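If you want the building blocks of each chain, they are given just below.
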Amino acid sequence: MEEKYITTTSSDEISLTELVQKIKAFVAYLKTKWVSFFITGIIGGVLGLGYYYMQSPKYTATCTFILEEKSAGAGGLAGLASQFGFDIGGGASSLFAGDNLLEIIPSKNIVEKVLLSKVDSSGQQTLADLFLEFTKLKKAWANNERLANISFEKMPMEGRMSLVQDSVLNVIYSAVVKSYLSVDWVRKKASLIRVSVTSKNERFSKYLTERVIEQSKKLYIDLKTGTSQANVNRLQRRADSLYALLNNKSYQVAESQVLNVNPAMKSALVATEISARDKAVLGTIYAEVVKNLETSKILLSQQMPVMQLLDKSEFPLVLSKSSIRGSIFFGVIIIWIIYFIYTVSKYSLIKLKMNDFFKK
């Protein structure tokens, strides 16, 4: 037992010694390659510098906004409105809560509407056309008969597109959501949301960011206040109609009055009395409708959400491009790693050939 133990320990010590010797030999071999490492470092630096000048510039536009809910404060007024038979809505109160908003902002409904908007009021070019231009997709499709003349500047009918336009717009939407548009929380508890777009075109980045937020705001307000706004519009139409009837009835009362009526013909006053009574009834109904209308307007203002834009990017946008020092450093490190792997492989091959030679 003792002899086996001693033999095993001696064998382990020899293996460890050989390992240390091999490491020292490899380090000594690396020292002989310092000139090669120096040259490869210079090559890596030149490659990194070339990458810096060859990389495409990208512009990043960022907008941050805060979302504020107001539906909770309308409970008392909602009860008051229900007494008059009006529904103030509120069913969408949780639709924009939590992470749902992060999914709604980049939705197809919102992004495609923004892509079809004009770049500026003086021209006909849309953001979708601008995307095809700076991504050179339109140039790549030059030999395709169906796609060579694709354009979204002039639509056949409002809201109607051809099959080719619809397909191309879907391709643009998928690319924008996947590689260009980013939506995330700045502070989830504070409802601070950041929307950013990074692309090779400065105008596309800025306009897409701002218009996506604006379109989301419109959708949000429509969903939150749609029912309340419908009630206000209905009451407003009723109030306007009653007001017109009340004015007409006032003229009828004035026209039906008989001067110097014969006391023996009192029936001549009946028309005047009926007109005056109808006017009084219309006045009472009109007063109630106006009161309900003002109540609904208060409810609507209480329910109106707030999407306040806190900050946005201005021209010129921030250029997203790696620094020249970082590019050179990255190039040197990558080349050194590649050359180190090559050196280890070459050293192992040399040792293997030497071992085979001595065995023979």
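How each quantity is defined
- Residues numbered from 1 in each chain as written.
- Predicted model: local features only at pLDDT ≥ 70, side-chain atom pairs only at ≥ 80, totals over all residues.
- Heavy atoms only, no water.
- Helix = DSSP H or I, 4+ residues; strand = E, 2+ residues; numbered from the N terminus.
- Buried < 20%, exposed > 50% of the residue type's maximum accessible area, 1.4 Å probe, protein only.
- Contact = heavy atoms within 4.5 Å.
- Areas by Shrake-Rupley, 256 points an atom, 1.4 Å probe, with all protein chains shown as cover.
- Axes fitted to C-alpha atoms, helices over the stretch in contact; angles between N-to-C directions.
- Parallel < 35°, antiparallel > 145°, perpendicular 65-115°, else oblique.
- Left-handed = near helix turned anticlockwise from the far one by under 90°.
- Nonpolar A, V, L, I, M, F, W, Y, C, P; charged D, E, K, R; others polar.
- Pairing = 2+ DSSP bridges.
- Salt bridge = Lys/Arg side-chain N within 4 Å of Asp/Glu carboxyl O.
- Polar contact = N/O pair within 3.5 Å; in protein donor to acceptor, adjacent residues only side chain to side chain.

A. Looking closely at the overall build of the chain. Helix and strand content of the chain: eleven helices and five strands. Relative to its 360 residues, the chain shows a buried fraction of 30%. Summarising the internal contacts of the chain: among those between residues at least 6 apart in sequence, 76% fall at separations of at least 24. Summed over all atoms, the accessible surface of the chain reaches about 23300 Å², with 59% contributed by carbon and sulfur.

B. A look at the packing of helix 5 (residues 108-115) against helix 8 (residues 163-180). Their axes nearest at 10 Å, the elements helix 5 and helix 8 cross at an angle of 110°. Classed by the angle they form, the pair helix 5 and helix 8 counts as roughly perpendicular. Crossing of helix 5 against helix 8: the hand is right-handed. Side by side, helix 5 and helix 8 meet where Lys-108, Val-111, Glu-112 and Leu-115 of the first sit next to Leu-169, Asn-170, Ile-172, Tyr-173 and Val-176 of the second. Residue composition of the contact of helix 5 with helix 8, grouped by class: six nonpolar, one polar and two charged.

C. How the structure looks around the packing of helix 6 (residues 127-134) against helix 8. Relative to each other, helix 6 and helix 8 sit at 70°, their axes nearing to 11 Å. When the axis of helix 6 is compared with that of helix 8, the two are roughly perpendicular. Within the contact between the two elements, helix 6 uses Ala-128, Phe-131, Leu-132 and Phe-134 and helix 8 uses Val-168, Leu-169, Ile-172, Ala-175, Val-176 and Tyr-180. For the contact of helix 6 with helix 8, a count of residues per class yields ten nonpolar, no polar and no charged.

D. Spotlight on the pairing of strand 1 (residues 58-68). Examined bridge by bridge, strand 1 and strand 5 (residues 318-320) share three bridges and lie antiparallel to one another. Across the sheet, residue Thr-60 finds its bridge partner in strand 5, namely Val-318. The pairing of strand 1 with strand 3 (residues 192-199) spans eight bridges and is classified as antiparallel. Residue pairing across strands places Cys-63 opposite Val-195, the latter belonging to strand 3. As defined by bridge partners, strand 1 adjoins strand 4 (residues 306-312) across six bridges and the pair is classed as antiparallel. Across the sheet, residue Glu-68 finds its bridge partner in strand 4, namely Val-306.

E. Representation of the pattern of salt bridges in the model. Counted according to the given criterion, the structure contains seven salt bridges. Between Arg-203 and Asp-120 there is a salt bridge; the shortest N-O distance is 3.9 Å. Of this pair, Arg-203 sits in helix 9 (residues 202-256) while Asp-120 sits in the loop between helix 5 and helix 6; the two residues are 83 residues apart in sequence, bridging distant segments of the chain. Of the charged contacts, one joins Lys-249 and Asp-278 as a salt bridge, the two residues approaching to 3.6 Å between their closest N and O atoms. Here Lys-249, found in helix 9, pairs with Asp-278, found in helix 10 (residues 270-303); they are 29 residues apart in sequence, far enough to count as distant.

F. Representation of unusual backbone geometry in the model. With an omega of -5°, the peptide bond running from Phe-315 to Pro-316 counts as cis. Relative to the assigned elements, Pro-316 resides in the loop between strand 4 and strand 5. Positioned with a positive phi, Lys-136 is a non-glycine residue whose angle comes to about 65°. With respect to the element layout, Lys-136 can be found in the loop between helix 6 and helix 7 (137-140).

G. Fine view of the side chain of Thr-225. Here Thr-225 is to be found in helix 9. Residue classification places Thr-225 among the buried residues on the basis of a relative accessible area of 4%. Excluding its chain neighbours within four sequence positions, the residues that come into contact with Thr-225 are Leu-300, Gln-303, Met-304 and Pro-305.

H. View of the environment of Lys-206. Considering the arrangement of structural elements, one finds Lys-206 in helix 9. In this structure the C-alpha to C-alpha distance between Lys-206 and Phe-315, which are 109 residues apart in sequence, comes to 8.2 Å. Setting aside chain neighbours within four positions, we find Lys-206 in contact with Ala-61, Ser-313, Glu-314, Phe-315 and Leu-317. A polar contact is formed between the side chain of Lys-206 and the backbone oxygen of Ser-313, at a distance of 2.8 Å.

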